[in-house]
Amino acid sequence: MKKFSYTVTDAVGIHARPAGLLVKEAKKYASKIVICKDGRTAEAGKLMAVMGLGVKCGQTVEVEITGEDEDAAYEAVRAFFEKNL
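Figured I'd write up the structure that's included with this text. (Residues numbered from 1 in each chain as written. Predicted model: local features only at pLDDT ≥ 70, side-chain atom pairs only at ≥ 80, totals over all residues. Heavy atoms only, no water.)

1. Side note on the nonpolar core
Inside soluble globular proteins, nonpolar side chains tend to come together where they are buried. The biggest cluster of nonpolar side chains holds 23 residues, and the ones touching the most others in it are Phe4, Ile33, Ile35, Val63, Ile65 and Phe81. Among the elements of the structure, β1 (2-7), α1 (16-26), β2 (32-37), β4 (60-66) and α3 (70-84) are those that each provide at least two residues to this core. If one sorts the elements of this core by residue count, α3 sits on top with five residues. Leave out the neighbours within four places in its chain, and Val63 touches Lys2, Lys3, Phe4, Ile33, Val34, Ile35, Val77 and Phe81. (Core = buried A, V, L, I, M, F, W, Y, C linked by side-chain atoms within 4.5 Å. Buried < 20%, exposed > 50% of the residue type's maximum accessible area, 1.4 Å probe, protein only. Helix = DSSP H or I, 4+ residues; strand = E, 2+ residues; numbered from the N terminus. Contact = heavy atoms within 4.5 Å.)

Here it is in structure tokens:
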């Protein structure tokens, strides 16, 4: 398992547009990608679950990646967060 923390810098937080792009990115990999915030979790491949976390600007999330292609998924998802959120 690989994991990283990320503090959201997007002024609106994880809203519909970046959440949709995140879901598309997550679905490229066989690994399970889970976002955790305040004890709640959401699978990154499920749009409503990701948006349901209600992540706002300045809040920190933990991202956990587990699976056969976790190294590639880790690099791609981390880069996605840094570029888009």
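Once you've had a look at it, read on.
2. Description of the pairing of β4
Across the two faces of β4 the burial differs, with Val61, Val63 and Ile65 buried and Thr60, Glu62, Glu64 and Thr66 not buried at all. The sheet contact formed by β1 and β4 spans six bridges and is antiparallel. What sits directly across from Lys3, in β4, is Glu64. Pairing analysis gives five bridges linking β2 to β4, with the strands arranged antiparallel. Bridge pairing in β4 places Ile35 opposite Val63. (Pairing = 2+ DSSP bridges.)

3. Quick notes on the environment of Ala11
Checked against the element boundaries, Ala11 lands in the loop between β1 and α1. Judged by its relative accessible area of 70%, Ala11 falls in the exposed class. Measuring from C-alpha to C-alpha, the distance between Ala11 and Leu85 comes to 8.8 Å, with 74 residues separating the pair along the chain.

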